[in-house]
Amino acid sequence: MRKNSSGRITITIKFIAALTVIIGLVIGLGILRFHAARLAYYLESVNQSIQKYSDEEVVLRQELSALVAPIRIYSYCKESLGMQKVVKAETLPVHMRNEGLAASRKTVTPNNGGWRSSLAWLFGGR
């Protein structure tokens, strides 16, 4: 009888040990599955952040190109065309005659100086 009861005890101990190992493996796999799901969620949030920052970069590049464009135009005008920045803007008065420009035409005679004398005020003459 002793042999039979000691055999049952060893079988029971082996069964309990196997059951403990199986429960431990199931709990371990559950923990790994939970950790994998948590990492997948974190990866998805990182991908969304990357997409958001990528879209923001596109918008900022468009704004930068719009802001840089006047500088490019200014440098092109200065270097290629020889233009200079105006320090002080001046206005020139334009004197209009009381007569209409096309309404009254005078004939050009040698004593009135021709068409150049009528435009002399543009060049500083009287």
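Rules behind the numbers
Residues numbered from 1 in each chain as written. Predicted model: local features only at pLDDT ≥ 70, side-chain atom pairs only at ≥ 80, totals over all residues. Heavy atoms only, no water. Helix = DSSP H or I, 4+ residues; strand = E, 2+ residues; numbered from the N terminus. Buried < 20%, exposed > 50% of the residue type's maximum accessible area, 1.4 Å probe, protein only. Areas by Shrake-Rupley, 256 points an atom, 1.4 Å probe, with all protein chains shown as cover. Patch = residues over 30% accessible without salt bridge, like charges linked within 9 Å, V, L, I, M, F, W, Y side chains within 5 Å. Salt bridge = Lys/Arg side-chain N within 4 Å of Asp/Glu carboxyl O.

Peer 1: Before we move on, can you summarise the overall build of the protein with the specific residues and values?
Peer 2: Each helix and strand in the protein was counted, giving two helices and zero strands. Per-residue burial over the protein gives 2% buried out of 126 residues. As displayed, the protein offers around 12,700 Å² of accessible surface, 64% of which is attributable to carbon and sulfur atoms.

Peer 1: Requested: an account of a nonpolar patch on the surface, with residues and values cited.
Peer 2: On the surface, F15, I16, L19, I23, I27 and I31 cluster together into a nonpolar patch covering about 600 Å² of accessible area. Relative to the assigned elements, L19 resides in helix α1 (residues 2-79). The class of L19 is partly exposed, set by a relative accessible area of 40%.

Peer 1: Please provide a residue-by-residue account of the pattern of salt bridges, values included.
Peer 2: Per the counting criterion, the structure on display carries one salt bridge. Between E57 and R61 there is a salt bridge, and its shortest N-O distance comes to 3.0 Å. Taken together, the residues E57 and R61, both in helix α1 and four residues apart, mark about one turn of the helix.

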